[in-house]
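Each chain, letter by letter, is given below.
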Amino acid sequence: MKNTSKMMGIGDVSELLDVSRQYINRLVKEGRLACQQTSAGKIFLESDVLAFKKDREKRAKKDPRIKR
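Read on for a plain summary of the structure. What you see is a predicted model, and the numbers here were worked out from it, not measured in a lab.

Criteria and thresholds
- Residues numbered from 1 in each chain as written.
- Predicted model: local features only at pLDDT ≥ 70, side-chain atom pairs only at ≥ 80, totals over all residues.
- Heavy atoms only, no water.
- Helix = DSSP H or I, 4+ residues; strand = E, 2+ residues; numbered from the N terminus.
- Buried < 20%, exposed > 50% of the residue type's maximum accessible area, 1.4 Å probe, protein only.
- Contact = heavy atoms within 4.5 Å.
- Salt bridge = Lys/Arg side-chain N within 4 Å of Asp/Glu carboxyl O.

**Regarding the overall build of the protein**
- If you tally the helices and strands in the protein, you get three helices and three strands.
- Shown N-terminal to C-terminal, the secondary structure of the protein runs as helices and strands in the order β-α-α-β-β-α.
- Considering the protein as a whole, with its 68 residues, one finds that 26% of them fall into the buried category.

Structure follows, in structure tokens:
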């Protein structure tokens, strides 16, 4: 079966999550968001980003400091 997950650049991820590129880099460094480093920069699987977003929204319901 072929992997059909879309690839995203850091700008796309930043826009989707409504956070800065610096915050995305911090998430990667902390191991909270997976990526692949290429010569052109970081790339992310859309499925990983959407899973992170879903978990983040779930946590935001319990913690008012987390931006929705």
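Moving on from the model shown.
**As for unusual backbone geometry**
- Phi angles above zero are rare outside glycine, and Asp18 is one such case at about 60°.
- Here Asp18 is to be found in the loop between helix 1 (10-17) and helix 2 (21-29).
- Judged by its relative accessible area of 45%, Asp18 is partly exposed.

**As for the environment of Ala34**
- Here Ala34 lies in the loop between helix 2 and strand 2 (36-38).
- Separated by eleven residues in the primary sequence, Ala34 and Leu45 place their C-alpha atoms 8.1 Å from one another.
- Ignoring any residue separated from it by four or fewer positions in sequence, one finds Ala34 in contact with Phe44 and Asp48.

**Notes on the environment of Leu27**
- Relative to the helices and strands, Leu27 is located in helix 2.
- Leu27 sits in the buried class, given a relative accessible area of 0%.
- Setting aside residues up to four positions removed in sequence, Leu27 forms contacts with Arg32, Leu33 and Phe52.

**Here's the deal with the pattern of salt bridges**
- Counted by the stated rule, this structure contains three salt bridges.
- One salt bridge in this structure joins Glu30 and Arg26, with 3.4 Å as the shortest N-O distance.
- With a relative accessible area of 45%, Arg26 lands in the partly exposed category.
- Measuring nitrogen to oxygen at the nearest pair gives 3.1 Å for the salt bridge that ties Arg59 to Asp55. Here Asp55 and Arg59 lie together in helix 3 (residues 46-60), a separation of four residues that amounts to about one turn.
- Overall, the relative accessible area of 38% leaves Asp55 in the partly exposed class.

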